[in-house]
Amino acid sequence: FELWSWLFMRVSGVALLALAVGHVIIMHVLDGGVSRVDFGFVQARWASPFWRTWDWALLVLALVHGINGLRVMVQDYVRWPGARFALNVLFALTGFGLFVLGTVIVFTFDPDAWPRS
């Protein structure tokens, strides 16, 4: 498990770098930058399955990468097994809850249900 966890951290880190840098360039640099980002912009962007998938992949990879990093830190620094287990369960449940909430938002948001701005 630890080998796959270590490998996942490296691969997900590279993928996150590409997704996050792409996000920053697209959202904050190109075509007028941040001033053009409003609800209408998100509405038009999320009408495309490509952008929903991009944003969902960024969310999922960031959550799993971060929770795995917290797990490794707890393993390294928390010596008492009960506290280590409790913290890992807390982080896993928090990550799962955020994953569910984010996934529901990304996949149930209907851009056509809102008036265009």
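This text goes with the structure placed above it.
Computed from a prediction, not measured in an experiment: that's the story for all the values here.

Asks: Honestly, the packing of aromatic side chains in this entry has me stumped. Any pointers?
Replies: Inspection of the entire model under this criterion finds 8 aromatic pairs. Relative to W54, the ring of W51 lies with its centre 5.5 Å away and its plane at 55°, an arrangement referred to as tilted. Placement of the pair is W51 and W54 together in helix α3 (residues 49–77), with a separation of 3 residues, close to one helical turn. Connected via pairs of aromatic rings, a cluster forms that spans W56, F96, F99 and F107.

Asks: Could you clarify how one ought to interpret a nonpolar patch on the surface in this entry?
Replies: On the surface, L17, V21, V24, I25, V29 and L30 cluster together to form a nonpolar patch covering roughly 510 Å² of accessible area. Of note, I25 is situated in helix α1 (residues 2–29). Owing to a relative accessible area of 38%, I25 belongs among the partly exposed residues under this scheme.

Asks: Before we go on, may I ask you to explain α3 in this structure?
Replies: Side chains that are three or four residues apart share a direction in an α-helix, a result of its 3.6 residues per turn. End to end, α3 covers 42 Å across 29 residues, agreeing with the expected 42 Å (1.5 Å per residue, within 8%). Burial in α3 covers these residues: R52, W54, D55, L58, V60, L61, L63, N68, R71 and V74. Residues of α3 that are buried in the fold lie against α1, α2 (39–45) and α4 (81–108).

Asks: I would appreciate a short explanation of the pattern of salt bridges in the present structure.
Replies: Where charged atoms from two side chains of opposite charge approach closely, those side chains can pair. Tallied over the full model, the rule gives 2 salt bridges. The residue R71 makes a salt bridge to E2 at a minimum N-O spacing of 3.0 Å. On the criterion of sequence distance, the pair formed by R71 in helix α3 and E2 in helix α1 is long-range, its members being 69 residues apart. Owing to a relative accessible area of 16%, R71 belongs among the buried residues under this scheme. Among the residues examined, E2 registers a relative accessible area of 39% and is labelled partly exposed. The closest approach of N and O atoms between D55 and R45, which form a salt bridge, is 3.0 Å. Taken as a pair, D55 in helix α3 and R45 in helix α2 lie far apart in primary sequence, 10 residues in all. Here D55 and R45 have matching classes, each one buried.

Here is what the cut-offs are and how they apply
Residues numbered from 1 in each chain as written. Predicted model: local features only at pLDDT ≥ 70, side-chain atom pairs only at ≥ 80, totals over all residues. Heavy atoms only, no water. Phe/Tyr/Trp six-rings, centres within 6.5 Å; stacked < 30°, edge-to-face > 60°. Helix = DSSP H or I, 4+ residues; strand = E, 2+ residues; numbered from the N terminus. Patch = residues over 30% accessible without salt bridge, like charges linked within 9 Å, V, L, I, M, F, W, Y side chains within 5 Å. Areas by Shrake-Rupley, 256 points an atom, 1.4 Å probe, with all protein chains shown as cover. Salt bridge = Lys/Arg side-chain N within 4 Å of Asp/Glu carboxyl O. Buried < 20%, exposed > 50% of the residue type's maximum accessible area, 1.4 Å probe, protein only. Expected span 1.5 Å × (residues − 1). Contact = heavy atoms within 4.5 Å.

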